[in-house]
Amino acid sequence: MKLKLFPLYLLLFSFSYSQEINKLDVRNFEALKTEFVPDKEQTLVINFWATWCAPCVKELPYFEEISKAYNKDDVEVILVSLDFPQHYESKLNPFINKHGIVSRVIALNDPDSNNWIPKVDENWTGSIPATLIISNSTYKFYEQTFTKESLLHELKTFLN
Amino acid sequence: MKTIISLFILTAFSAFNLLPTAKGYQIGDMVDDFKLQNIDGNMVSLSDYNNSKGVIVVFTCNTCPYAVAYEDRIVALDKAFAPKGYPVLAIMPNNIKIKPADDLSHMKQRAKEKGFTFPYLIDADQTVYPKFGATKTPHVYILKTTPKGHQVKYIGAIDDNFQDAKKVKTTYVADAVEALLNGKEVSVSETRAIGCTIKV
């Protein structure tokens, strides 16, 4: 009997395990904001995007390259998804898995955007993609798309 | 001499910093007339609205999830305020080469599906939205008709919850139009919301 049940245990275990690694970090803005503080020598690259935003998806690989190229203690990328909550399971999680996203992903679920957009940057009109690069001395906001070259160029101004 | 140079640099930098906010119409500005093609094939001008109390100009499109989430609410705005003198005038600003599903035939289809009660114009040459300074869809401009022209009274979001119309606490556009109808100043004249970048 016990033996017969064994595969079931295994199945349940692996199921809960996969649920665990797929668990999406969902936050409101106040909780997200606590991440906007770099460690001493660290530079944070925070990109606001969504799976439905074509220009965002196009530039995402450049942010991924940064994640792969740098030690987290030096440069950390955080991808803040603005996907709708009803699409976390159907679109966002599958996207993260399919593309093997290595950067940290946080889903921002905070519909009162008029309240938090100015807290990211006073001049942000609210269009995405938008990116923040933060070091201990500098806080810079970009309401624009990046090419690989322009993103790396901006990042380098923080590292020198 | 050094001071003068640093002063000059400082001025140059501050001027540069001011640039982003100086783009497009600001509250109180007069809007230039424009003429764009409607989904029915006719041309529609802002000056067609000279006899209305004002216009609710909405930059929107078929393909942006945020714009789509607001379609029913845009129709509701027109139904509520067109009879009172503030009709909706929708403009699709995207480059259709990048977003083919925003072309005139798709616009027509979407307007029919959602029962648009207002013109849905295409900014085919992409010359109108930059003058407004619109950056995303949806992006609303409320214009009041004055003896001097159509004056910008509100710029921003439709309300404070794109996800769920039932959870809306503040209806920015409706509140602004109500204020204007009552001869009052708009108390919240600029708001911001997430939207899809206008495709150039």
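Here we take up the overall build of chain A. Per the secondary structure count, chain A includes 6 helices and 7 strands. Secondary structure elements in chain A, listed N-terminal to C-terminal, are α-β-α-β-α-β-α-β-α-β-β-β-α. Accessible surface, chain A as shown: approximately 8,900 Å² in total, 56% of it carbon and sulfur.

Below, the discussion takes up the interface of chain B and chain A. Facing 21 residues of chain B, the contacting portion of chain A comprises 24 residues. Together, the buried faces of chain B and chain A total about 1,900 Å²; carbon and sulfur atoms form 57% of this surface. Inspection of the chain B/chain A interface yields 1 salt bridge. Looking at the side of chain B that touches chain A, the elements that each hand over two or more residues are α2 (65–81) and β10 (195–197) of chain B. Class assignment of the residues belonging to the side of chain B that touches chain A gives a composition of 8 nonpolar, 7 polar and 6 charged. In terms of strand pairing, strand β5 (residues 127–128) of chain A meets β10 of chain B through 2 bridges, oriented parallel. Looking across to β10 of chain B, one finds that I128 of chain A is bridged to C196 of chain B.

One finds F48, W124 and I128 of chain A to be the most contacted residues of the largest nonpolar core, which totals 85 residues. The element best represented in this core is α2 of chain B, accounting for 7 residues. If we skip the residues at most four places from it in the chain, I128 of chain A touches F48, W49, A50, W52, C53, C56 and L82 of chain A together with I194, G195 and T197 of chain B. Residues L36, L46, Y49 and I91 of chain B belong to the second largest nonpolar core, which totals 22 residues.

The final tally for this structure, using the stated rule, is 19 aromatic pairs over all chains. Ring centres of F34 of chain B and F132 of chain B lie 6.0 Å apart, and the angle between their planes is 65°; this geometry places the pair in the edge-to-face category. Taken together, the residues span a long stretch of sequence, with F34 of chain B in the loop between β1 (30–31) and β2 (35–38) and F132 of chain B in helix α4 (residues 128–132) at a distance of 98 residues. Judged by relative accessible area, F34 of chain B falls into the buried class, the value being 6%. One aromatic cluster in this structure is built from F29, F36, F48, W116, W124 and F141 of chain A.

Now for the confidence of the model for chain B. The share of residues in chain B with pLDDT of 70 or more is 89%, and the mean pLDDT across the chain is 91. pLDDT under 50 marks residues 1–22 of chain B. Its contacts with residues more than four places away, or in other chains, come to 2 contacts.

Moving on: the state of the cysteines. Taken as a whole and judged by the stated rule, the model has 2 disulfides over all chains. A disulfide bridge connects C53 of chain A with C56 of chain A, and the sulfur atoms are separated by 2.1 Å. In this structure the cystine formed by C53 of chain A and C56 of chain A twists about its S-S bond by roughly 70°; its chirality is therefore right-handed. Each member of the pair, C53 of chain A together with C56 of chain A, is buried. Across a sulfur-sulfur distance of 2.0 Å, C64 of chain B and C196 of chain B are joined as a disulfide pair. Across the disulfide from C64 of chain B to C196 of chain B, rotation about the S-S bond amounts to roughly 75°, and the bridge is consequently right-handed. Taken together, the residues C64 of chain B in the loop between β4 (54–59) and α2 and C196 of chain B in strand β10 connect sequence positions 132 residues apart.

All names here are of chain A. Here S81 shows up in strand β3 (residues 75–81). Its relative accessible area of 0% is what places S81 among the buried residues. Here the side chain of S81 touches D83 through a polar contact of 2.8 Å, side chain to side chain. With near-sequence residues (within four places) excluded, S81 lies in contact with W49, L92, V105, I106, A107 and L108.

Note on sheets: strands pair through backbone hydrogen bonds, and any given pair is parallel or antiparallel. Residue and element names in this part refer to chain B. Judged by pairing direction, the sheet is mixed, and its 8 strands sit side by side in the order β1-β9-β8-β4-β5-β6-β2-β3 without closing on themselves. Two strands lie at the open edges of the sheet, namely β1 and β3 (43–45), each paired on one side alone. Both strand β5 (residues 88–92) and strand β6 (residues 120–122) contribute to a ladder of 3 bridges, which runs parallel. Paired with M92 across the bridge in β6 is I122.

All right, on to a negative patch on the surface then. On the surface, D39, E41, D73 and D74 of chain A cluster together into a patch of negative charge. You can see D39 of chain A is positioned in the loop between α2 (29–33) and β2 (43–49).

The next thing to look at is the pattern of salt bridges. Enumeration over the complete set of coordinates arrives at 17 salt bridges over all chains. Note that K114 of chain B and D72 of chain B form a salt bridge whose closest N and O atoms lie 3.1 Å from each other. Taken as a pair, K114 of chain B in helix α3 (residues 104–114) and D72 of chain B in helix α2 lie far apart in primary sequence, 42 residues in all. With a relative accessible area of 27%, K114 of chain B lands in the partly exposed category. For K84 of chain B, the salt bridge is made with E178 of chain B, and the minimal N-O distance between the two is 3.9 Å. With a gap of 94 residues between them, K84 of chain B in the loop between α2 and β5 and E178 of chain B in helix α5 (residues 172–181) connect regions that are remote in the sequence. With relative accessibility at 40%, the residue K84 of chain B sits in the partly exposed group. The network of salt bridges with shared partners includes D25, R27, E35, E76 and R104 of chain A.

Criteria and cut-off values
Residues numbered from 1 in each chain as written. Chains lettered and ligands numbered in written order. Predicted model: local features only at pLDDT ≥ 70, side-chain atom pairs only at ≥ 80, totals over all residues. Heavy atoms only, no water. Helix = DSSP H or I, 4+ residues; strand = E, 2+ residues; numbered from the N terminus. Areas by Shrake-Rupley, 256 points an atom, 1.4 Å probe, with all protein chains shown as cover. Contact = heavy atoms within 4.5 Å. Buried area = accessible area lost by both parts, 1.4 Å probe. Salt bridge = Lys/Arg side-chain N within 4 Å of Asp/Glu carboxyl O. Nonpolar A, V, L, I, M, F, W, Y, C, P; charged D, E, K, R; others polar. Pairing = 2+ DSSP bridges. Core = buried A, V, L, I, M, F, W, Y, C linked by side-chain atoms within 4.5 Å. Buried < 20%, exposed > 50% of the residue type's maximum accessible area, 1.4 Å probe, protein only. Phe/Tyr/Trp six-rings, centres within 6.5 Å; stacked < 30°, edge-to-face > 60°. pLDDT = per-residue confidence, 0-100. Disulfide = S-S within 2.5 Å. Polar contact = N/O pair within 3.5 Å; in protein donor to acceptor, adjacent residues only side chain to side chain. Patch = residues over 30% accessible without salt bridge, like charges linked within 9 Å, V, L, I, M, F, W, Y side chains within 5 Å. Lys, Arg positive; Asp, Glu negative; His and termini not counted. Charge placed at Lys NZ, Arg CZ, Asp CG, Glu CD.

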